[in-house]
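Residue-level listing of the chains:
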Amino acid sequence: MSDTRCVLRLKALCVRAVCAHFTLLDVSAVVELPTSLINDLLPHLNVRFLDELQPALNVRGISTYRGWLSVLRSIGASHRLFLIRTEAEAKQQVMEMLFPSVFYHSKNELITRHISNIDTKSLLLVMAKNLRHFSIRPTSQCLQGLTAEQWPLLAMLESSVRSVGVVHRLDLSAHQSRCALYVLHRLLDHGHTTKVVICEQALPMLAWVLQDRDSCFVSPSASMAPGPETKTFDVHDVDHVPPRKRQLLDSAPVMKDSNISTYPLSPKDLCQTFSRCAGPSLPDCPRGQIQSLQINQCGPATLSILIRRLPSWFSLQSLSLHSRWTFCDSDVLSLARPLKQLSESLSSSLTELSISVLPSADLVDTLLDACTNLTSLSVEIQLMAEGLHHPRSAELATISELPLEKLSVKAAQMQMDMVWLTSLLRRCPGLSWLQVCGIRLPQGSSHHRLLCTLSASNQSLRRLQLEDINLSGCLCDIIKLLSACALEELCLRDCRLVEKCSDKDEYVCQLVSALNKIPSLHSLSLAQNRLGSSVCVLVDLFSGPSQSSVRHLDLSSNFVQPADLLEFGHRLKAQRLCHRLTLDLRENPGDRDPETWNAALGALRPLCELVIEGWNSTNMMADHISNM
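As a convention, each chain's residues are numbered from 1 in the sequence order in which they are written. The predicted nature of this model means local features are confined to residues of pLDDT at least 70 and side-chain atom pairs, given and counted, to a pLDDT of 80 or more, with totals for whole chains, interfaces and linings taken over all residues. Heavy atoms throughout the structure, all of them, feed into the side-chain values; hydrogens and water do not.

Peer 1: Mind showing me how you'd approach the overall build of the chain here?
Peer 2: Elements are defined by DSSP. Helices are runs of H or I of four residues or more, strands are runs of E of two residues or more, and each kind is numbered from the N terminus. Counting its regular elements, the chain contains 25 helices and 15 strands. Looking at the chain as a whole, 50% of its 628 residues are labelled buried. Where accessible areas are quoted, they stem from the Shrake-Rupley method and a 1.4 Å probe; at the residue level, only the protein chains shown are allowed to cover. Counting only carbon and sulfur atoms, one obtains 51% of the accessible surface of the chain, whose full area is about 28,600 Å². Relative accessibility under 20% of the residue-type maximum defines a buried residue, over 50% an exposed one, and the middle range a partly exposed one, all with a 1.4 Å probe and only protein chains included.

Written out as structure tokens, the structure reads:
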């Protein structure tokens, strides 16, 4: 035994030495190592080395997935592991999390320790080529360095970034705002960015972005035809909107109604200012199309701008409006009219709509009748008054069938008329993704109607998420649903599955039997269902010839005791798993018996990627809720 320990200790020392002196090694020397040694090495490599090795390792058929997951753990992002399916997703998540911290010099201790001894500029270039979202912080001095001609990072971001966010207030009168405007212009118009994420505080930036962007507001055929005018964005035609950038026909304008020193604001003038090689013959800058717009903290001023632009915003494919408060009925009805105008145009491409918070479920029908081409709808509903209903506008005709493929309905723990929801589901026979969250029923009622409707009308479902709804006593309906759909992902989170069961093990056994008949299922979440010791029965998913293809299993917040997890580990080890399992064990009371808990984790690690966070049993309220 002592010899084995010495060998393992020597191996660990060698791995650390290789990682410490990786820059002195030839990449091919590492790539030619045995696969087992490379797999031991991956969790110790930093971002730059993983990126450098990945192409050659992939040629050998070796994935760097475990290496990227190790990076996520090292920067405190273990909670994201359960959402990550592939090597590419893991790498993408690392880049998205690390880049803003490194670029804006807001590195915490975990990140600093992970990227020590790496040249910051080379590291940013490595991360930038994999970055898809860039957040602009207008007050940051870092943007000035980004605009320097000798610093190629901005050109790299142009090629990689697809989404840009402005979530802070931008004072267009400030001299330093030119850097933020220039970066935004380069990403939107010279690069490949098609999505803008903005908040109510940054409304002047939204007005600046939309100004003169004719390709967004005019039909492609109309924009090419000679003719009189093309309507452009005029911020002065919106009531109660703060002063914005005026349309610029010549250089150095002065913004109206403000004591601002003049400086160039148009895209062309910005490029003229920041490009040293640009001369007076600099051609007009291209104008990119915004295909996706997300507005957080959406208010009346934003809606006023959108309502005027929407009827001719033909490039818009996705619109998300989110507010801290509930929208008024009049706001939603005012929004529905231009949406209907846009939907009726042959040039319209709007297929995705997300809005929260609506005051009534009836308004969902209003939006669906207005946007007849939607394939994705996400809504959050909060009743303003019990029993409140909104009559439909006569101009919005109801259609019998909807092309929806993705639907998310969240309710703020309120009672809803299930007739409305089941009626909507019957109108969506092509639905493949459904999320229902927070709906409450009157005392003594059950979700039998919902589950039966899904079984009969929505057999194309591939991803189903039912969260925070009471499914106790609905096992037969759940089994019927599972037999009707070829699900790939199933989430039954906080659904009180075994609340009324006298024999929890038997309940889980029947559920497992039904799940094993779904060969397409690869992700299963049973979080927050108080399964306790019954989690051991779930090992039967991976037993016998009809072994489940589930690769991601979420057992978080199920009050799994250390002894139960150890038994789970022993049973799982006895099975011959066809694949490595990602197992989420967060919020389970491992601190009640740390020695047994650690032994259980040790048995599981060779078989699973573990997602673990601590549990504090001194928190009596959490302990009480888990035992309920």
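Peer 1: For this particular structure, what's the right way to read the side chain of D564?
Peer 2: Relative to the assigned elements, D564 resides in helix α23 (residues 562-574). Under the counting rule used here, the positive set is Lys and Arg, the negative set is Asp and Glu, and His together with the chain ends is not counted. Whenever a carboxyl oxygen of Asp or Glu lies within 4 Å of a side-chain nitrogen of Lys or Arg, that contact is scored as a salt bridge. Of the side chains bearing the opposite charge, R571 lies closest to the buried D564, which forms no salt bridge; the N-O distance is 8.6 Å.

Peer 1: Sorry, what's going on with the packing of aromatic side chains here?
Peer 2: For any pair of aromatic rings, the description consists of the separation of the ring centres together with the inter-plane angle of the planes. Pairing of aromatic side chains here covers Phe, Tyr and the six-membered ring of Trp, requires ring centres within 6.5 Å, and sorts the geometry by plane angle: under 30 degrees stacked, over 60 edge-to-face, intermediate tilted. If you walk through the whole model with that rule in mind, you get five aromatic pairs. Residues F103 and Y104 carry aromatic rings whose centres are separated by 4.8 Å and whose planes lie at 80° to one another, so their mutual orientation is edge-to-face. The pair F103 / Y104 is uniform in exposure class, with both members buried. Cluster of aromatic residues (ring-pair linked, three or more members): F99, F103, Y104 and F134. K406 extends its terminal NZ or CZ atom over the ring of W433, reaching a point 4.7 Å from the ring centre. Comment: the charge-over-ring label is applied if NZ (Lys) or CZ (Arg) is within 6 Å of the ring centre and within 35 degrees of the ring normal.

Peer 1: Any chance you could explain unusual backbone geometry here in plain terms?
Peer 2: Residues apart from glycine generally show negative phi values, whereas peptide bonds are mostly found in trans. Backbone torsion omega between S356 and V357 reads 10°, so that peptide bond is classified as cis. By the secondary structure assignment, V357 is in strand β6 (residues 352-358). Its identity as a non-glycine residue notwithstanding, R496 has a phi of 55°, on the positive side. Position of R496 among the secondary structure elements: in the loop between β11 (489-493) and α22 (504-515). For R496, a relative accessible area of 29% translates into the label partly exposed.

Peer 1: Help me out: how do you make sense of the pattern of salt bridges in this one?
Peer 2: Pairing of side chains with opposite charge becomes possible as their charged atoms draw close. Evaluated as defined, the whole model comprises 15 salt bridges. The residue D51 makes a salt bridge to K91 at a minimum N-O spacing of 2.9 Å. Of this pair, D51 sits in helix α4 (residues 47-59) while K91 sits in helix α6 (residues 87-103), and the two are 40 residues apart along the sequence. With respect to class, D51 is no different from K91; both count as buried. Between R427 and D365 there is a salt bridge whose closest N-O contact spans 3.7 Å. Placement of R427 in the loop between α19 (418-426) and β9 (433-440) and of D365 in helix α18 (residues 362-370) is noted, with a sequence separation of 62 residues between them. Pair check on accessibility: R427 and D365 agree, each one buried.

Peer 1: Help me understand α23, please; the structure alone is not making it clear to me.
Peer 2: In an α-helix there are 3.6 residues to a turn, and that puts residues three or four apart on one side. Between its first and last C-alpha, α23 extends 19 Å over 13 residues, near the 18 Å set by a 1.5 Å rise per residue. All buried positions along α23 are accounted for by P562, D564, L565, F568, G569 and L572. Looking straight down α23, one finds that the buried residues subtend no more than 155° of arc, so they occupy a single side. Facing away from the buried side of α23, by more than 90 degrees, are the exposed residues A563 and A574. Only heavy atoms matter for contacts: two residues are in contact if any of them lie within 4.5 Å across the pair. In this structure, the buried residues of α23 make contact with β13 (552-554), β14 (581-584), α24 (594-604) and β15 (608-611). A helix is expected to span 1.5 Å multiplied by its residue count minus one. Within this analysis, the arc is defined by the directions that extend from the helix axis to the C-beta atoms.

Peer 1: Help me understand the packing of α4 against α6 in this model?
Peer 2: One can describe the packing of α4 onto α6 by two numbers: an axis separation of 12 Å at closest approach and a directional angle of 160°. The angle between α4 and α6 falls in the class roughly antiparallel. Regarding α4 and α6, the two cross each other, and that crossing is left-handed. Contacts between α4 and α6 involve V47, D51, Q54 and N58 from the former and E87, K91, V94, M95 and L98 from the latter. Polar here means any residue outside two lists: the nonpolar Ala, Val, Leu, Ile, Met, Phe, Trp, Tyr, Cys and Pro, and the charged Asp, Glu, Lys and Arg; Gly therefore counts as polar. For the contact of α4 with α6, a count of residues per class yields four nonpolar, two polar and three charged. Axis definition: a line fitted to C-alpha atoms, over the contacting stretch in the case of helices. Angles run 0 to 180 degrees between N-to-C directions. For classification purposes, an angle smaller than 35 degrees is called roughly parallel, one larger than 145 roughly antiparallel, one from 65 to 115 roughly perpendicular, and anything else oblique. Left-handed is the label given to a crossing in which the near helix is rotated counterclockwise from the far helix by less than a right angle, and right-handed is the label when the rotation is clockwise.

Peer 1: For this particular structure, what's the right way to read the pairing of strand β2 (residues 163-166)?
Peer 2: Remark: a regular strand shows side chains that alternate across the two faces of the sheet. On β2, burial covers both faces: S163 and G165 on one face and V164 and V166 on the other are all buried. The pairing of strand β1 (residues 133-136) with β2 spans four bridges and is parallel. Among the inter-strand pairings, H133 is bridged to a residue of β2, identified as S163. We treat two strands as partners when DSSP finds at least two bridges between them. Note that β2 and strand β3 (residues 195-199) share four bridges and pair parallel. Within β3, the residue paired with V166 across the bridge is I198.

Peer 1: Sorry if this is basic, but what is going on with the environment of G532 here?
Peer 2: Position of G532 among the secondary structure elements: in the loop between β12 (523-525) and β13. Residue classification places G532 among the buried positions, given a relative accessible area of 13%. Spatially, the C-alpha atom of G532 lies 5.7 Å from that of N558, the residues being 26 residues apart in sequence. Other than its neighbours up to four places away in sequence, G532 contacts N558, F559, V560 and D564.

Peer 1: Whenever I open this one, the pairing of β14 confuses me. Can you help?
Peer 2: Side chains L581 and L583 of β14 all project onto a buried face; the interleaved residues T582 and D584 project onto the opposite face, where all are buried too. Alignment of β13 against β14, held across three bridges, turns out to be parallel. Each bridged residue has a counterpart across the sheet, and for D554 the counterpart in β14 is D584. Following the backbone out of β13, through α23 and into the adjacent parallel β14, one traces a crossover that is right-handed. Here, the term right-handed applies to a crossover whose path from the first strand over the helix to the second runs clockwise when the strands point away from the viewer.

Peer 1: I'm lost on the confidence of the model for the chain in this one. Help?
Peer 2: Close inspection of predicted coordinates is inappropriate in any region flagged by low pLDDT. Model confidence for the chain is summarised by a mean pLDDT of 80, while 78% of its residues fall at 70 or above. A low-confidence stretch, residues 219-264 stays under pLDDT 50, and its non-local contacts, those more than four residues away or across chains, total 74 contacts. As a per-residue measure, pLDDT tells how confident the predictor is, with possible values from 0 to 100.

Peer 1: Would you take a moment to explain helix α5 (residues 65-74) for this structure?
Peer 2: Counting buried positions over the 10 residues of α5 gives seven, a clear majority of the element. For α5, the complete set of buried residues consists of Y65, G67, W68, L69, S70, V71 and L72. Two residues or fewer past α5, G76 is found with a positive phi of approximately 75°.

Peer 1: Which parts of the structure should I look at to understand the environment of V332?
Peer 2: The residue V332 is located in helix α17 (residues 329-343) in this model. Since its relative accessible area comes to 1%, V332 is described here as buried. On a C-alpha basis, the gap between V332 and P359 in space is 9.3 Å, while along the polypeptide they are 27 residues apart. When near neighbours in sequence (up to four residues on either side) are disregarded, V332 contacts F327, L358, L363 and L367.

Peer 1: Honestly, the packing of helix α11 (residues 177-190) against helix α12 (residues 203-210) in this entry has me stumped. Any pointers?
Peer 2: For any two helices packed against each other, one specifies the crossing angle of their axes together with the interaxial distance. Where α11 meets α12, the closest approach of the two axes is 12 Å, and the angle between their N-to-C directions is 45°. Here α11 is positioned oblique relative to α12, judged by the angle of their axes. When you trace α11 past α12, the crossing you get is right-handed. The residues of α12 that touch α11, namely those facing A180, L181, L184, H185 and L188, are M205, W208 and V209. For the contact of α11 with α12, the residue count by class is seven nonpolar, one polar and no charged.

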